[in-house]
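This is what each chain is made of:
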Amino acid sequence: MTNLAEKLKLGTQQSHSNAEHTGFMKNFLSGGVSRDSFCQLLSNLYFVYSQLESELQCHQTHPIISKIYCPELNRKANLEKDLTFYYGEHWPDNITPSPAAQAYVSRLRELSATEPVLLIAHAYTRYMGDLSGGQSLKKIAQSIFHLEEHQGICFYEFDEIPDVNEFKNQYRQKLNELILSEDLQDEIVAEANNAFTLNIAMLKDLGETQTPVTV
Ligand code: HEM
């Protein structure tokens, strides 16, 4: 047993605080985010999760990744539902990844080819975030965009996970049970900080690159 879960939480505390304090997240929490920016976020996340989930699937039999591979976390299909809701059935023609989303996708591709075990850091950063703060963001989005149940917020819904807190505890347990050298654990924490940096860059350039939503 390691204490990788605790190392990740503590080792990314500053990065988490930086992410919470981006203009976009502050706006979101105060109910001031525009529908356009929210749709741009979902569009960028679509490219990120498509890559992340395809790379994790590629490595699902990897001796270490297999222990933490949880397809019930997958977000791609739910993002597709949200993008259909906001942009209509031709949503693929209306979304492009921002430069920051492209950089994020490139990093995932690079890790998959060179050091796939570090994809664990990316899975941790995104999915634990979605299961944590994401659950509050869901309620805020519903309220500011006057959305009905399940409309446009499928991204934050985990139908295959009935108890989010219990799942998070099990996920932490799985992280702690991975057999990893101290050096590799440190590398995973460093990559999780990099994942936060890539997310922060993506939040910062929202609003500059995409087609406005007209529905
Ligand atoms: C306004 C924005 C955010 C809020 C309000 C927020 C809030 C929270 C809260 C309350 C927790 C603790 C939950 C718990 O211990 O069960 C948490 C955990 C977490 N958040 Fe966020 N968060 C935000 C943004 C982000 C972003 C942008 C990311 C990364 C992309 C992120 C990644 C994480 C991760 C990885 C954890 C798990 C920490 C751990 O237990 O190891 N969060 N968040």
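Residues numbered from 1 in each chain as written. Predicted model: local features only at pLDDT ≥ 70, side-chain atom pairs only at ≥ 80, totals over all residues. Heavy atoms only, no water.

In the nomenclature of an unreviewed UniProt entry, the chain is known as heme oxygenase (biliverdin-producing) of Planktothrix tepida PCC 9214. A UniProt comment under Catalytic activity (unreviewed entry) is attached to the chain, and it reads "heme b + 3 reduced [NADPH--hemoprotein reductase] + 3 O2 = biliverdin IXalpha + CO + Fe(2+) + 3 oxidized [NADPH--hemoprotein reductase] + 3 H2O + H(+)". (UniProt positions renumbered as here; feature names shortened; annotations may be inferred.)

S.K.: Help me get a handle on the overall build of the chain, residues and values and all.
M.R.: The number of helices and strands found in the chain is twelve helices and zero strands. Reading the chain from its N end, one meets helices and strands in the order α-α-α-α-α-α-α-α-α-α-α-α. In terms of overall dimensions, the chain has C-alpha extents of about 50 × 30 × 30 Å along its principal axes. Across the 215 residues in the chain, those meeting the buried criterion constitute 52%. Once local pairs closer than 6 in sequence are excluded, the contacts in the chain between residues at least 24 apart make up 84%. (Helix = DSSP H or I, 4+ residues; strand = E, 2+ residues; numbered from the N terminus. Buried < 20%, exposed > 50% of the residue type's maximum accessible area, 1.4 Å probe, protein only. Contact = heavy atoms within 4.5 Å.)

S.K.: Quick rundown of the packing of helix α4 (residues 35-58) against helix α8 (residues 99-114)? Include the residues and the values.
M.R.: Remark: α4 packs on α8, axes separated minimally by 9 Å, with the N-to-C direction vectors making an angle of 5 degrees. As the angle between them shows, α4 and α8 are arranged roughly parallel. Residues Asn44, Phe47, Val48, Gln51, Leu52 and Glu55 of α4 pack against Ala101, Tyr104, Val105, Leu108, Arg109 and Ser112 of α8. Residues that form the contact of α4 with α8 fall into these classes: seven nonpolar, three polar and two charged. (Axes fitted to C-alpha atoms, helices over the stretch in contact; angles between N-to-C directions. Parallel < 35°, antiparallel > 145°, perpendicular 65-115°, else oblique. Nonpolar A, V, L, I, M, F, W, Y, C, P; charged D, E, K, R; others polar.)

S.K.: Which residues make up the layout of surface pockets, and what values go with them?
M.R.: Put simply, the largest pocket is a space of about 810 Å³. Of all the elements in the fold, those that place two or more residues in the lining of the largest pocket are α1 (4-11), α2 (13-20), α3 (23-29), α4, α9 (119-131), α10 (133-144), α11 (164-177) and α12 (182-204). If one sorts the elements of the lining of the largest pocket by residue count, α9 sits on top with six residues. Taken together, the residues of the lining of the largest pocket sort by class into 15 nonpolar, eleven polar and six charged. (1 Å grid on protein atoms, 1.4 Å probe; cavity = no way out; pocket = protein on both sides within 12 Å on 5 of 7 lines; lining within 4 Å. Points joined across faces, edges and corners; volume = space filled by probe spheres on them.)

S.K.: Describe the environment of Glu157, listing the residues and the values that go with them.
M.R.: Along the polypeptide, Glu157 turns up in the loop between α10 and α11. In sequence terms Glu157 and Asp130 are 27 residues apart; their C-alpha atoms lie 9.0 Å from each other. A polar contact is formed between the side chain of Glu157 and the side chain of His150, at a distance of 2.9 Å. (Polar contact = N/O pair within 3.5 Å; in protein donor to acceptor, adjacent residues only side chain to side chain.)

S.K.: An account of the coordination of the iron atom of the ligand is requested, with residue identities and associated values reported.
M.R.: In a perfect tetrahedron of four donors around a metal, the angles come out at 109.5 degrees. In a perfect octahedron of six, they are 90 or 180 degrees. A lone protein donor binds the iron atom of the ligand: His16 (NE2), at 2.1 Å. Mapped onto the elements, His16 comes out in helix α2. (Donors = N, O, S within 2.8 Å, 3.2 Å for Na, K, Ca; no water.)

S.K.: An account of α11 is requested, with residue identities and associated values reported.
M.R.: The end-to-end C-alpha distance of α11, which contains 14 residues, comes to 20 Å, matching closely the 20 Å that a straight helix rising 1.5 Å per residue would cover. Those residues of α11 not exposed but buried are Val164, Phe167, Lys168, Tyr171, Leu175 and Asn176. Sitting at the head of α11, Asp163 places a side-chain oxygen 3.1 Å from the backbone nitrogen of Asn165. (Expected span 1.5 Å × (residues − 1).)

S.K.: Which residues make up the nonpolar core, and what values do they have?
M.R.: For soluble globular proteins, nonpolar side chains are generally found buried alongside one another. One finds Phe28, Leu73, Ile120, Tyr171 and Leu175 to be the most contacted residues of the largest nonpolar core, which totals 67 residues. Once residues lying within four places of it in the same chain are set aside, the contact partners of Tyr171 are Ile68, Cys70, Leu73, Ala123, Tyr124 and Met128. (Core = buried A, V, L, I, M, F, W, Y, C linked by side-chain atoms within 4.5 Å.)

S.K.: Give me the lowdown on the environment of Thr114, citing residues and values where you can.
M.R.: As for its placement among the helices and strands, Thr114 is situated in helix α8. Under the relative-accessibility criterion, Thr114 is labelled exposed at 58%. Among the polar contacts listed, one links the side chain of Thr114 to the backbone oxygen of Glu110, at a separation of 2.8 Å.

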